[in-house]
Amino acid sequence: MHAMAIDLGATSGRVARVYVDESELTVLDLVRFATPTSDSHGARWDFEKLMTLLLDAARQVADGGPIDSVGIDAWGADYGLLERNGSLIEAPFRYRDARTVGVSRRYDELRTRTITGVMPHDFSTACQLLTESERTLSRTAMLLSIGDLVAYRLTGHAATDCSWASTTQLFDVHSLSWSTDLLAEVGLGRDAMPEVQPCGTVRGELLPQVCDQLGVAGRTPLVTVAGHDTASAIVATPASSDDFIYISCGTWALIGVESNERVLADRALGTGFVNELGVDGVSTIHRNAAGLWLLNECLGRWTDTSGDTLLAAAAALPVGQLVFDSEDPRLFAPEDMPTLIAELTREGAGRVPANRAEMVRAIIDSLVLAFVRAIEDLEAMLGRRGAVIHLVGGGAALPILGQALAAAAGRTVLAGPVEASLLGNALLQARALGSVPDTAACRALVSRTQTAHRYEPEPQPNPREDTP
Ligand code: LFR
């Protein structure tokens, strides 16, 4: 089958045509675009421009050949509010914004964790809703995630899935339904929340005018995939056993494990780890750490030097000379990332990076320190050790990161796939249409068909590639 996978990140979006059958998984066409923000509204997304870019990318991808279904996953937290006639009340807010700083303090952590499995945090959907005006909330007929908003525009169906619902801090993980109490506290009624569907089911069909616009067959189905990009990436982790740690590293890094059990609220208190929902009711127990956001914000300013050249130069520098606290809250949305990082290394290590390559090395080494700290905290909390680390997402494309991580964590790192969310999305479409039976089969397929780079704690003279 040919899946159209739409994967929206807070930095960039991708639309791909992916071929999937029981022995093949191939990205045939892929178009990327930068996720557009709206300057005229301050800290908001330009959703209409996002739709234009996405439809344009989808049309290019569909030009490549047949499309049997479409699926959408996106970053968590952000949402759009629709009024009764289905139009957006305002452009959606961006979570990376100072308006929610400190809002999570209004929540009791134990109670929130007990109901939702997740901890209160400033940019969650719930905390963002607490900053909306009463007027906006009173006009709200429906709240949809960014990905579900796109699906609504394409199909006319308003729905979501368990993986996204579980990130909102509004979903009762025991009854698997929206928490009326938590919704009342943010000023929304239960009827403003979409139906929650299982991942891997058909939501509806593309509207006839959308099929025409994209040049795809009439009645093309839209599949409810794992709408949360992290859950989607975890599906495409090529793990062959249960005892693995994943690091899904894009704009953010999510460090965690899958489990059939949730970590109890009192045990997780103060650890920063959450239980979100993956596919088929599995818990994904992970903590957010800063990811490639720090690096990309610097590379974005250094337009006169190529990122690859800097990463190669950084890889030749000694490890761990200059580190800073990559969890410092000032890094969340700074005006000027390189200047702030220089300030942080001065504060922490007594000097600033001598050049850009040294700053890149400092960023990678600081990220790795935070990842290893998260692994240690996770293992102390769960009382078990992960045998191997699967690094997926954009971070898997960086040898400097894979090698430093293997060395610091003292175990094998298997890096790849880079486009894990996109592949997880395509695999869940294939599953809904009957081409792949379950998550284990999805993983086996990824492992057989996608290249993983293997990094060992002791660097090998010729790093091995696990090539299918
Ligand atoms: C990753 C991600 C994380 C979520 C963060 C903010 O793209 O979805 O899982 O915590 O973005 O939404």
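Model, not experiment: these values are computed from the prediction.

Here strand E19 (residues 388-392) lies mainly inside the structure; 5 of its 5 residues are buried. The alternating pattern of E19 places Val-388, His-390 and Val-392 and Ile-389 and Leu-391 on opposite faces, both of which are buried. Both strand E15 (residues 244-249) and E19 contribute to a ladder of 5 bridges, which runs parallel. Following the sheet pairing, Tyr-246 is matched in E19 by His-390. Bridging between E19 and strand E20 (residues 413-415) involves 3 bridges; their strand directions are parallel. Following the sheet pairing, His-390 is matched in E20 by Leu-414.

For the structure on display, the rule yields 24 salt bridges. For Arg-14, the salt bridge identified is with Glu-419, shortest N-O distance 3.5 Å. In this pair, Arg-14 sits in strand E2 (residues 12-21) while Glu-419 sits in the loop between E20 and helix H16 (420-432), placing the two residues 405 residues apart along the sequence. A salt bridge links Arg-113 to Glu-109; its shortest N-O distance comes to 2.8 Å. Separated by 4 residues within a single helix, Arg-113 and Glu-109 lie in helix H2 (residues 109-116), roughly one turn from each other. Linked through salt bridges whose partners overlap, the residues forming this network are Asp-7, Arg-14, Arg-32 and Glu-419.

Our next topic: unusual backbone geometry. Glycine aside, a negative phi is what most residues show, and trans is what most peptide bonds show. Of note, the bond from Gly-416 into Pro-417 is cis; its omega dihedral lies within 30 degrees of zero at 0°. For Ala-77, which is not a glycine, the phi torsion comes out positive at approximately 80°. By the element assignment, Ala-77 lies in the loop between strand E6 (69-74) and strand E7 (79-82). Owing to a relative accessible area of 6%, Ala-77 belongs among the buried residues under this scheme.

Here we come to the UniProt feature "domain: Carbohydrate kinase FGGY C-terminal" (unreviewed entry) in the chain. Mapped onto the present numbering, the UniProt feature "domain: Carbohydrate kinase FGGY C-terminal" (unreviewed entry) falls on residues 246-432. Along residues 246-432 one finds 46% helix and 17% strand; the C-alpha atoms at either end are 25 Å apart.

It is worth spelling out helix H14 (residues 356-382) at this point. With 27 residues, H14 should reach 39 Å at 1.5 Å per residue; the first-to-last C-alpha distance of 39 Å fits that figure. For H14, the side-chain oxygen to backbone nitrogen distance between the N-cap and Ala-357 is 3.3 Å, and the N-cap itself is Asn-355. Residue Gly-383 follows H14 closely and has a positive phi angle near 70°.

Time to look at the nonpolar core. By size, the foremost hydrophobic cluster in this structure holds 56 residues, and its most contacted members are Ile-247, Ile-255, Leu-294, Ile-363, Phe-371, Leu-391 and Leu-405. At 14 residues, H14 tops the list of elements feeding residues into this core. Once residues within four sequence positions are removed from consideration, Leu-294 is found in contact with Phe-324, Ser-326, Leu-331, Met-337, Ile-363 and Leu-367. Counting 42 residues, the second largest nonpolar core, distinct from the first, contains Ala-58, Ile-72, Leu-144 and Val-216.

The next thing to look at is the packing of aromatic side chains. Counted by the stated rule, this structure contains 8 aromatic pairs. The interplanar angle of 55° and the centroid separation of 4.8 Å between the aromatic rings of Trp-45 and Trp-75 together place this pair among those described as tilted. Here Trp-45, found in strand E5 (residues 44-45), pairs with Trp-75, found in the loop between E6 and E7; they are 30 residues apart in sequence, far enough to count as distant. This pair shows no difference in class: Trp-45 is buried, exactly as Trp-75 is. Through a chain of ring-to-ring contacts, the aromatic side chains of Tyr-95, Phe-123, Trp-252 and Phe-332 assemble into a single cluster. Here the guanidinium or amino end of Arg-44 rests over the ring plane of Phe-93, the centre of that ring lying 4.0 Å away. Seen from the ring of Phe-93, Arg-99 lies directly overhead, with NZ or CZ sitting 3.7 Å from the centre.

What follows covers the site of the ligand. All residues in the neighbourhood of the ligand are listed as Trp-75, Gly-76, Ala-77, Phe-123, His-228, Asp-229, Thr-230, Trp-252, Leu-254 and Asn-288. Separating an oxygen atom of the ligand from a side-chain N or O atom of His-228 is a distance of 2.7 Å. The side chain of Thr-230 places a nitrogen or oxygen atom 2.7 Å from an oxygen atom of the ligand. Of all the elements in the fold, those that place two or more residues in the shell around the ligand are helix H9 (229-235) and strand E16 (252-259). Counted by class, the shell around the ligand contains 5 nonpolar, 4 polar and 1 charged residues.

Quick notes on the rules
Residues numbered from 1 in each chain as written. Predicted model: local features only at pLDDT ≥ 70, side-chain atom pairs only at ≥ 80, totals over all residues. Heavy atoms only, no water. Buried < 20%, exposed > 50% of the residue type's maximum accessible area, 1.4 Å probe, protein only. Helix = DSSP H or I, 4+ residues; strand = E, 2+ residues; numbered from the N terminus. Pairing = 2+ DSSP bridges. Salt bridge = Lys/Arg side-chain N within 4 Å of Asp/Glu carboxyl O. UniProt positions renumbered as here; feature names shortened; annotations may be inferred. Expected span 1.5 Å × (residues − 1). Polar contact = N/O pair within 3.5 Å; in protein donor to acceptor, adjacent residues only side chain to side chain. Core = buried A, V, L, I, M, F, W, Y, C linked by side-chain atoms within 4.5 Å. Contact = heavy atoms within 4.5 Å. Phe/Tyr/Trp six-rings, centres within 6.5 Å; stacked < 30°, edge-to-face > 60°. Lys NZ or Arg CZ within 6 Å of the ring centre and 35° of its normal. Near = heavy atom within 4 Å. Nonpolar A, V, L, I, M, F, W, Y, C, P; charged D, E, K, R; others polar.

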